[in-house]
Amino acid sequence: MRFAILPLLVTASLLSAQGPRPAASKAAAKAEPTSETARRAFLQVLDAVDAGWFGQPYQGITSVEMQGTLGVALSGAAVNQKVDSLSQGQVKGNSSGGQANLRLRGTYFANGDFRTDLAGDFGNLLYTRRGTRGFLYSKEQNAYTTRVDLPPSDAPRTYMAWFRQTLNDIKAAYIDAPTFKASVAGEETSGGRTLQRLVFNAPTKPWDAKRREQSMAQSLGFWKRGRLEVTVDKATQMPQRLDFRNDEQGIHTRMDFSYGAGNKLQAVNLTNSSRGFEGPGWLRVGYGGDGLMSHVAGELASQDKKISFAMDLAWSRTRTPNEIIAIPPAGATKRGREDMEIQLMVGLASRIFDLQRAGLNLRSVAIGGK
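Everything quoted here is computed from the prediction, not taken from an experiment.

Rules of the game
- Residues numbered from 1 in each chain as written.
- Predicted model: local features only at pLDDT ≥ 70, side-chain atom pairs only at ≥ 80, totals over all residues.
- Heavy atoms only, no water.
- Helix = DSSP H or I, 4+ residues; strand = E, 2+ residues; numbered from the N terminus.
- Buried < 20%, exposed > 50% of the residue type's maximum accessible area, 1.4 Å probe, protein only.
- Contact = heavy atoms within 4.5 Å.
- Areas by Shrake-Rupley, 256 points an atom, 1.4 Å probe, with all protein chains shown as cover.
- Expected span 1.5 Å × (residues − 1).
- Bend = angle between axes of the 7 residues up to and from the residue.
- Salt bridge = Lys/Arg side-chain N within 4 Å of Asp/Glu carboxyl O.
- Core = buried A, V, L, I, M, F, W, Y, C linked by side-chain atoms within 4.5 Å.
- pLDDT = per-residue confidence, 0-100.
- Phe/Tyr/Trp six-rings, centres within 6.5 Å; stacked < 30°, edge-to-face > 60°.
- Pairing = 2+ DSSP bridges.

1. Observations regarding the overall build of the protein chain
Okay, step 1: Counting secondary structure elements, the protein chain contains 5 helices and 18 strands.
Okay, step 2: Sorting the 370 residues of the protein chain into buried and exposed places 41% on the buried side.
Okay, step 3: Sequence-distant contacts, at least 24 apart, represent 59% of the contacts inside the protein chain between residues at least 6 apart.
Okay, step 4: Here the protein chain has roughly 19,400 Å² of accessible surface; of this, 52% comes from carbon and sulfur atoms.

Below you can see the structure in the form of structure tokens.
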């Protein structure tokens, strides 16, 4: 649950200058002011995002309840084209398309306690944790495991601190670490505003179309390498446009942001050129009278595919972890975590493979995650 802020991140390796020492030192002396200017400007952007998107309204907020839907739809044309390609024209598909839907209801505390109920085409699951204890239960298998991931040792108490911690992760990768080459790409004027372009670059490996499996860390850490260009309104320090690409992961997305009163994020329009999912997308954020996000919805679409979600949010200062207490149903079989994960992944994989065969381009996460 990182909302729309994750694509602001990237990491990489900054290569040392080559050649005679005097020339290298001279080049570094010229480059350093621009690099520091870009980093300082991006730090101001993160502070502005914290104040405008999150900040004070979330002071004292300790939990959020989310409920909504997630859907993946593939047209018959996408399925038939894939069949034709795989069979080299020997088999003609006659599919009407494929679709997978998921319903989610969960309560999440800033300190890491949570309860998530999932239901839909991927099965019915209950996953919960309080402190260091919890369980994952599958209704289809009538089985559960009590080996759950531990909460972070530095988990915050409130969502005001949680958002700040998220932005600090971005700061650590883009500003504090020497892994990104930062620069100011110039300025432009639009609608009477002066916009500044900041670039952070960390080259990746090229796309490998044959690679179909990767670790969970690679899947979730796509933003830690690549090229990020942020266009900033110099008056408000708010990001207006973001262009991110990671060639190794096949990701290339542009985002255009729009704001309401108080610099609250209202909408993000996406132009997606990522491999296998070229097409438009959008994110919309609604707010309640208390200034807190009350609804988040979005969609990514290409010619033959669509992923959509819609979530209602209910924040609380008074909800306690005792309200999410749960126990596995009587008669359920207890399993080891590895056995449980393998069984879940086998069932999930069959559905993923169906979607892949239907034309959805994604890389499976390796069982074991490393």
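Moving on from the coordinates now.
2. Some details on helix α3 (residues 159-176)
Okay, step 1: Helix length check: α3 (18 residues) gives 24 Å between terminal C-alpha atoms against 26 Å at 1.5 Å per residue, within 8%.
Okay, step 2: A maximum bend of about 25° is found in α3 at Ile170.
Okay, step 3: For α3, the set of buried residues is Tyr159, Trp162, Phe163, Thr166, Leu167, Ile170, Ala173, Tyr174 and Ile175.

3. Here's the deal with the environment of Phe277
Okay, step 1: With respect to the helices and strands, the residue Phe277 is situated in the loop between β13 (265-272) and β14 (279-287).
Okay, step 2: Taking relative accessible area as the criterion, Phe277 reaches 9% and is therefore assigned buried.
Okay, step 3: Through-space distance from the C-alpha of Phe277 to that of Asp304 is 8.9 Å; in sequence the pair is 27 residues apart.

4. What about the pattern of salt bridges?
Okay, step 1: Under the defined criterion, the tally for this structure stands at 16 salt bridges.
Okay, step 2: With a shortest N-O distance of 3.8 Å, Asp233 and Arg193 are connected by a salt bridge. With a gap of 40 residues between them, Asp233 in strand β10 (residues 226-233) and Arg193 in strand β8 (residues 193-202) connect regions that are remote in the sequence.
Okay, step 3: Using a relative accessible area of 6% as the deciding quantity, one classes Asp233 as buried.
Okay, step 4: Ionic pairing is found between Arg227 and Glu229, a salt bridge with its closest N-O pair at 3.4 Å.
Okay, step 5: On the basis of relative accessible area, Glu229 is assigned to the buried category, the value being 15%.

5. Details of the nonpolar core
Okay, step 1: Counting 53 residues, the largest nonpolar core has Phe42, Tyr159, Tyr174 and Trp315 as its most contacted members.
Okay, step 2: Leave out the neighbours within four places in its chain, and Tyr159 touches Tyr58, Ile61, Thr62, Ser63, Val64, Tyr108, Phe109, Ala110 and Trp315.
Okay, step 3: Within the second largest apolar cluster, 5 residues are counted, among which are Leu126, Phe135, Tyr144 and Ala332.

6. Notes on unusual backbone geometry
Okay, step 1: At Gln237, a position not held by glycine, the phi torsion is positive, near 65°.
Okay, step 2: Summarising the element assignment, Gln237 is placed in the loop between β10 and β11 (239-246).
Okay, step 3: Phi angles above zero are rare outside glycine, and Asn263 is one such case at about 60°.
Okay, step 4: The residue Asn263 is located in the loop between β12 (251-259) and β13 in this model.

7. Let's talk about the confidence of the model for the protein chain
Okay, step 1: Overall, the prediction assigns the protein chain a mean pLDDT of 81, with 75% of residues at 70 or greater.
Okay, step 2: Below pLDDT 50 for its whole length, residues 1-31 participates in 66 contacts with residues either more than four positions away or in separate chains.

8. Considerations on the environment of Gln343
Okay, step 1: Within the secondary structure, Gln343 sits in helix α5 (residues 337-357).
Okay, step 2: Taking the relative accessible area as the measure of exposure, Gln343 reaches 37% and is therefore partly exposed.
Okay, step 3: Each C-alpha atom, one on Gln343 and one on Ser138, is 9.9 Å from the other, the two residues being 205 residues apart in sequence.
Okay, step 4: If we ignore the near neighbours within four places in the chain, the residues touching Gln343 are Gln141 and Arg335.

9. Details of the packing of aromatic side chains
Okay, step 1: Evaluated as defined, the whole model comprises 18 aromatic pairs.
Okay, step 2: The interplanar angle of 75° and the centroid separation of 4.9 Å between the aromatic rings of Phe114 and Tyr127 together place this pair among those described as edge-to-face. Separated by 13 residues along the polypeptide, Phe114 in strand β3 (residues 114-120) and Tyr127 in strand β4 (residues 125-130) bring together distant segments of the chain.
Okay, step 3: Given the relative accessible area of 10%, Phe114 is considered buried.

10. Some words on the pairing of strand β15 (residues 293-301)
Okay, step 1: Relative to β15, β14 runs antiparallel, the two being bridged by 7 bridges. By the bridge assignment, Leu283 is partnered in β15 with Gly298.
Okay, step 2: Examined bridge by bridge, β15 and strand β16 (residues 305-316) share 7 bridges and lie antiparallel to one another. Pairing of His295 across the sheet is with Asp312, part of β16.
Okay, step 3: Connecting β15 to the next strand, β16, in antiparallel fashion are 3 residues.

11. As for the pairing of β11
Okay, step 1: The buried fraction of β11 amounts to 6 of the 8 residues, a majority that puts the element mostly inside the structure.
Okay, step 2: Linking β10 to β11, which pair antiparallel, is a turn of 5 residues; within it Gln237 sits at a positive phi near 65°.
Okay, step 3: When β11 meets β12, the two strands line up antiparallel, connected through 6 bridges. The residue of β12 that forms the bridge with Phe244 is Thr253.
Okay, step 4: Hairpin geometry of β11 and β12 is characterised by an intervening segment of 4 residues between the two adjacent antiparallel strands and by a positive phi of about 70° at Gly250.

12. Regarding the environment of Ala73
Okay, step 1: Looking at the element boundaries, Ala73 is found in strand β1 (residues 63-75).
Okay, step 2: Spatially, the C-alpha atom of Ala73 lies 8.5 Å from that of Asn101, the residues being 28 residues apart in sequence.

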